[in-house]
Amino acid sequence: MKTNEVKIENQGCLIALVLLVALAGLIGSIRSFQEQNLTPEQKAQKEKEKVNEGYSSTSQYSCEGNLKDKLREPESYVRDGDFTTPSDNGDKKIITWKFRAKNGFGGYNAGIGMCYVGKENGGTIKTEIVN
């Protein structure tokens, strides 16, 4: 009798999973249909909102990750202090911080990370190392 109970329970889970997948597909279709019926002005506004959201959500940690990619040994990276934002005019911002990382000789060098975040080109991030 327990095997019947297990089969019924498994069938219930399977039905719930199928319904969940079907619901997700339906929601995706509705969103796609809504986006196809937007006016050019609405599409431009939606794109502007995406750029603004990307700009405001670009965090210090995104900048930090970009800087690590430029290092000879990214795993040696150590941040020394807090992030600062000396400039943010709403279209462009600069984020800076101090860090240490291994150089080519195995010693640690101190540096300053500087990240430029802009809304142009759909939102850009450019990270530089200042010594």
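Computed from a prediction, not measured in an experiment: that's the story for all the values here.

Draft legend 1. The pairing of strand 2 (residues 84-88), seen in detail. Of the strand pairs in this sheet, strand 2 and strand 3 (residues 92-102) are connected by three bridges, and their pairing is antiparallel. Bridged to S87 within strand 3 is I94.

Draft legend 2. Broad picture of helix 3 (residues 60-70). Among the residues of helix 3, those classed as buried are C63, E64 and L67. Along the long axis of helix 3, the arc covered by the buried residues comes to 100 degrees, so they all point the same way. Across from the buried face of helix 3, at angles greater than 90 degrees, the exposed residues are Y61 and D69. Looking at the buried side of helix 3, the elements it contacts are strand 1 (78-79), strand 3, strand 4 (108-118) and strand 5 (124-130).

Draft legend 3. Fine view of the pattern of salt bridges. Evaluation of the coordinates by the stated rule reveals three salt bridges. Of the charged contacts, one joins R79 and E64 as a salt bridge, the two residues approaching to 2.9 Å between their closest N and O atoms. Of this pair, R79 sits in strand 1 while E64 sits in helix 3, and the two are 15 residues apart along the sequence. A relative accessible area of 31% means that R79 is categorised as partly exposed. For E128, the salt bridge goes to K126, with nearest N and O atoms at 3.3 Å. On the basis of relative accessible area, E128 is assigned to the partly exposed category, the value being 28%.

Draft legend 4. Structural view of the side chain of N103. Topologically, N103 is positioned in the loop between strand 3 and strand 4. Separated by 3.1 Å, the side chain of N103 and the backbone nitrogen of G106 make a polar contact. Side-chain polar atoms of N103 contact the side chain of N109, separated by 3.2 Å. With sequence-adjacent residues up to four places away left out, N103 is seen in contact with R72 and N109.

Draft legend 5. The arrangement of the nonpolar core in detail. Core analysis: the largest hydrophobic core is formed by eleven residues, namely C63, L67, L71, Y77, F83, I95, W97, F99, A101, C115 and V117. Ignoring sequence-local partners within four residues, the contact set of C63 consists of I95, W97, C115, V117, I125 and T127.

Draft legend 6. Seen up close, the packing of aromatic side chains. Across all of its chains, the model carries two aromatic pairs by this definition. Seen in terms of ring centroids, Y77 and F99 are 5.7 Å apart; in terms of plane orientation they differ by 25 degrees. Their pairing is stacked. With Y77 in the loop between helix 3 and strand 1 and F99 in strand 3, this residue pair connects regions lying 22 residues apart in the sequence. One exposure class covers both Y77 and F99, and it is buried. Taking the ring centre of Y108 as reference, the NZ or CZ of R100 above it sits at 5.7 Å.

The rules behind each value
- Residues numbered from 1 in each chain as written.
- Predicted model: local features only at pLDDT ≥ 70, side-chain atom pairs only at ≥ 80, totals over all residues.
- Heavy atoms only, no water.
- Pairing = 2+ DSSP bridges.
- Helix = DSSP H or I, 4+ residues; strand = E, 2+ residues; numbered from the N terminus.
- Buried < 20%, exposed > 50% of the residue type's maximum accessible area, 1.4 Å probe, protein only.
- Arc of directions from axis to C-beta.
- Contact = heavy atoms within 4.5 Å.
- Salt bridge = Lys/Arg side-chain N within 4 Å of Asp/Glu carboxyl O.
- Polar contact = N/O pair within 3.5 Å; in protein donor to acceptor, adjacent residues only side chain to side chain.
- Core = buried A, V, L, I, M, F, W, Y, C linked by side-chain atoms within 4.5 Å.
- Phe/Tyr/Trp six-rings, centres within 6.5 Å; stacked < 30°, edge-to-face > 60°.
- Lys NZ or Arg CZ within 6 Å of the ring centre and 35° of its normal.

Functional significance is not addressed by these values, which are geometric in nature.
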